[in-house]
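Coordinates in review
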Amino acid sequence: MDSVSQLVLGASVTMAVMGRRALLWQSALVGAFCGTLPDLDVFLDHGDAIRNMTLHRTESHALIWLTLLSPLLAWLTAGVLKQTFQWARWWPAVWLALITHPLLDLMTVYGTQLGLPFTDYPWAIGSIFIVDPLYTLPLIIGLIAALWRRQPRWSRVGLAISSLYLLWSMAAQGIATHQVAPQIARQVGGNARLLVTPTAFNTLVWRVVAVTPERYYEGYWSLFSPQRPLQLSAHDRGAGLYQQWKGDWAVERVAWFSHGFFALREHDGNLLISDLRMGEAPHFTFTFNLGAPQARDLHPARLPSERPSLTEMWRTLRQRL
């Protein structure tokens, strides 16, 4: 999720756990820091754009490493605040602020390797967009109300509402998947792999992506018109290019991280690979230039992501609704 959501989630969790055992602003400050801490790995450069993408949300988001880090952070927190007698109470608050970060990231489609060091599988539910005001606003309002009225229970109210919204997102994803799966089977084939994720800022309109070895298909489903036939646009996946480049580290890395939702194409003599899970055809959030076949780029670069304006995004959302 976005940085604001993670910050207010951490602050809300710590305030809710500590209650009146600490000053509310102190709890909020500690929680905001702990909720932001895992994402500091974005400042690490691993050598190229593909490594930077696939090595984000790794050790810093692993549940076991965060659990092992939590007592040290709790001890430092208690020491800085001159509350060493409160160390045992700060521990669960800090731990929850840390681990709720990767658990919230798990809800997005990106991929979070929270099982390290036992597995590097990039887990992803994909039921919520990376920025969703309906998730974040209850946390912000609850946090402000708690600080203003000096009542930590308001942070718990915000947490309850936002958590219910996450449950709703998974339910809506299940409804959308149930509705579109038979149509995908009829139009594309029963062997197609299916991905259903929300469009920007909402859980009412869902983006549907189906992939076969040769093509990928994209369409949109609205909760307001569930019986409307699904209209799919078909695009080439570059199956021939994949056969040529099969075994290449960069290609296989993106294929693994995207769970097979990727496409290859040539542009100006260079090979481009796109992660189909984020963005919309033909503009995807993560597209990498692997170089020319005869001049392989050992440090693939990420192409700039072209995004529509907010006005255009809201207009498109209204049309799809």
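- Labelled according to an unreviewed UniProt entry, the chain appears under the name Metal-dependent hydrolase, originating from Mixta calida.

**Details of the sheet that holds strand S4 (residues 233–236)**
- Reading across from one edge, S1-S2-S3-S4 is the order of the 4 strands in this open sheet, with antiparallel pairing throughout. Bordering the open sheet on either side are strand S1 (193–198) and S4, each of which pairs with just one other strand. Mean inter-strand twist for the sheet, computed between neighbouring axes without regard to direction, equals 20°.
- Looking at chain direction, strand S3 (residues 215–222) and S4 are connected through 4 bridges and run antiparallel. Across the sheet, residue Arg-215 finds its bridge partner in S4, namely Asp-236.

**Looking at the UniProt feature "transmembrane region" (unreviewed entry) in the chain**
- With numbering aligned to this structure, UniProt lists the feature "transmembrane region" (unreviewed entry) at residues 62–81, 93–111, 123–145 and 157–176.
- Between the end C-alpha atoms of residues 157–176 there is a gap of 28 Å, over a span that is 100% helix and 0% strand.

**Observations regarding the packing of aromatic side chains**
- On inspection of all chains with the given rule, the structure shows 9 aromatic pairs.
- With 5.4 Å between their ring centres and 80° between their planes, Tyr-110 and Phe-257 make a pair best called edge-to-face. Placement of Tyr-110 in the loop between helix H5 (87–106) and helix H6 (133–149) and of Phe-257 in helix H9 (residues 249–257) is noted, with a sequence separation of 147 residues between them. Phe-257 shares its class with Tyr-110; the two are buried.
- Ring plane angle 50° and centroid distance 6.0 Å describe the contact between Trp-256 and Phe-257, whose orientation is recorded as tilted.
- Residue Trp-256 is classed as partly exposed on the basis of its relative accessible area, which comes to 27%.
- A relative accessible area of 0% means that Phe-257 is categorised as buried.
- Site record: aromatic cluster; members linked through ring pairs are Tyr-110, Trp-256, Phe-257, Phe-286 and Phe-288.
- One residue, Arg-237, lies across the ring of Phe-262, its end atom 4.7 Å from the ring centre.
- When the ring centre of Tyr-220 is taken as reference, the NZ or CZ atom of Arg-320 above it lies at 3.6 Å.

**Digging into the pairing of S1**
- Pairing of S1 with strand S2 (residues 205–211), which is carried by 6 bridges, proceeds in the antiparallel orientation. If you follow Leu-194 over to S2, its bridge partner there is Ala-210.
- Following S1, the chain reverses through 6 residues before pairing antiparallel with S2; Phe-201 in that reversal takes a positive phi of roughly 70°.

**A few points about the packing of helix H1 (residues 3–18) against helix H7 (residues 153–187)**
- Where H1 meets H7, the closest approach of the two axes is 8 Å, and the angle between their N-to-C directions is 130°. Accordingly, the angle class assigned to the pair H1 and H7 is oblique. Relative to H7, H1 is oriented so that their crossing is left-handed. Together, Leu-9, Ser-12, Val-13, Met-15 and Ala-16 of H1 and Ser-155, Arg-156 and Leu-159 of H7 make up the contact between the two elements.
- Partitioning the contact of H1 with H7 into residue classes produces 5 nonpolar, 2 polar and 1 charged.

**Here's the deal with the pattern of salt bridges**
- Overall, the coordinates contain 5 salt bridges when judged by the stated rule.
- The partner of Arg-51 in a salt bridge is Asp-48, and the shortest N-O contact between them spans 2.4 Å.

Analysis parameters
- Residues numbered from 1 in each chain as written.
- Predicted model: local features only at pLDDT ≥ 70, side-chain atom pairs only at ≥ 80, totals over all residues.
- Heavy atoms only, no water.
- Pairing = 2+ DSSP bridges.
- Helix = DSSP H or I, 4+ residues; strand = E, 2+ residues; numbered from the N terminus.
- Axes fitted to C-alpha atoms, helices over the stretch in contact; angles between N-to-C directions.
- UniProt positions renumbered as here; feature names shortened; annotations may be inferred.
- Phe/Tyr/Trp six-rings, centres within 6.5 Å; stacked < 30°, edge-to-face > 60°.
- Buried < 20%, exposed > 50% of the residue type's maximum accessible area, 1.4 Å probe, protein only.
- Lys NZ or Arg CZ within 6 Å of the ring centre and 35° of its normal.
- Parallel < 35°, antiparallel > 145°, perpendicular 65-115°, else oblique.
- Left-handed = near helix turned anticlockwise from the far one by under 90°.
- Contact = heavy atoms within 4.5 Å.
- Nonpolar A, V, L, I, M, F, W, Y, C, P; charged D, E, K, R; others polar.
- Salt bridge = Lys/Arg side-chain N within 4 Å of Asp/Glu carboxyl O.

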